[in-house]
Amino acid sequence: RPIVVRCSDETAEGRFLAAEIAALLRYKHYSARDICVLARNRHYRQLALSALQNAGIPVYEFQRGPTGDVTADEDAVRVSSLHGAKGHEFGAVFIIGAVEHVLPHSSAVESDALSTEAALFYVGITRARDIVYVSHSERTAGTRRLVRSSFVDRIKAHCDFALFNR
C-alpha cells in the first residue's frame with residue numbers, strides 16, 4: 001500500500017525525504033542503492049538532491065543517455081525522473097511533488113494526455129519492491145498554494161496517509 005505523506009510546504013517535503021531515507025538506511029537495513037526518489041520535473045529532482053546532500057546521504061542523479069542508462073557505481077540513493085525509472089526496481093521508492101500541474105503535468109488536458117500521465121504515475125508506483133511513498137506539499141517554499149494530485153485521489157482507497165509537520 002502506498003504511503004501518502006502530506007507536507008506543509010516544499011521545504012518540509014525535503015526534510016521528510018531526508019529523515020525517512022535516513023531511517024530506512026539506519027533501521028530497515030536498506031543500502032542506499034536500494035532507494036530511489038522519483039520526480040516528474042527538474043524542480044523536485046533538485047529539491048531531493050539538495051535535501052539528501054544536506055543530510056549527508058550519498059545521492060546521485062540517475063539518467064538515461066542516448067545509449068542507455070548512465071549510472072554511478074557507488075552505493076548512493078538514486079534520484080530520477082519517472083521516465084528514467086522504467087525497467088528498474090528498488091526496495092523503496094519515493095515519488096515526490098505529487099501535486100496538480102506537476103503530476104499530471106499542466107499540459108495534460110486531453111484524455112489521451114491524462115492517460116499517459118496516469119500510466120507514468122503507475123510506472124513510478126510499481127518500481128517499488130517493498131515500500132512506496134508518495135509525497136505532496138500544501139504550498140511552495142513561498143506562499144503559493146498547491147493541490148494534491150488527482151491521481152492520489154484515484155487510488156486513495158488503497159493507500160495509507162501520514163502528515164509530516166517538521
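The model shown is predicted, which means the values in this text are computed figures rather than measured ones.

Rules and cut-offs
Residues numbered from 1 in each chain as written. Predicted model: local features only at pLDDT ≥ 70, side-chain atom pairs only at ≥ 80, totals over all residues. Heavy atoms only, no water. Helix = DSSP H or I, 4+ residues; strand = E, 2+ residues; numbered from the N terminus. Contact = heavy atoms within 4.5 Å. Areas by Shrake-Rupley, 256 points an atom, 1.4 Å probe, with all protein chains shown as cover. Buried < 20%, exposed > 50% of the residue type's maximum accessible area, 1.4 Å probe, protein only. Pairing = 2+ DSSP bridges. Salt bridge = Lys/Arg side-chain N within 4 Å of Asp/Glu carboxyl O. Core = buried A, V, L, I, M, F, W, Y, C linked by side-chain atoms within 4.5 Å.

Draft legend 1. The arrangement of the overall build of the protein chain in detail. Scanning the protein chain from terminus to terminus reveals four helices and nine strands. Going residue by residue from the N terminus, the α and β elements of the protein chain occur as β-α-β-α-β-β-β-β-β-α-β-α-β. Nonlocal contacts in the protein chain, meaning residues at least 24 apart in sequence, comprise 75% of its contacts between residues at least 6 apart. When the accessible surface of the protein chain is totalled, it reaches about 8,300 Å², and 49% of it is carbon and sulfur.

Draft legend 2. Highlighting the pairing of strand 7 (residues 90–96). Along strand 7, seven of the seven residues are buried, which leaves the element largely enclosed by surrounding structure. Bridge analysis of strand 7 against strand 8 (residues 128–137) gives five bridges, and the strand direction is parallel. Residue pairing across strands places Val 93 opposite Val 132, the latter belonging to strand 8.

Draft legend 3. Structural context of the pattern of salt bridges. Applying the stated criterion across every chain, the model contains eight salt bridges. Its salt-bridge partner being Arg 6, residue Glu 138 comes within 2.8 Å of it at the nearest N-O pair. Taken together, the residues Glu 138 in the loop between strand 8 and helix 4 (150–155) and Arg 6 in strand 1 (residues 3–7) connect sequence positions 132 residues apart. Judged by its relative accessible area of 24%, Glu 138 falls in the partly exposed class.

Draft legend 4. Just the nonpolar core, in detail. Counting residues in hydrophobic clusters, the biggest one holds 30 residues, and the most contacted among them are Ile 21, Val 37, Leu 52, Val 77, Phe 94 and Ile 96. The leading source of residues in this core is helix 1 (residues 10–27), at six residues. If sequence neighbours within four positions are ignored, Val 77 has contacts with Ile 21, Ala 32, Ile 35, Val 37, Leu 52, Ile 57, Pro 58, Val 59 and Tyr 60.

Draft legend 5. Region of interest: unusual backbone geometry. Residue His 101 is not a glycine yet carries a positive backbone phi of 75°. You can see His 101 is positioned in the loop between strand 7 and helix 3 (111–125). The exposure class assigned to His 101 is exposed, which follows from its relative accessible area of 58%.

These values are about where atoms sit, not about what they do.
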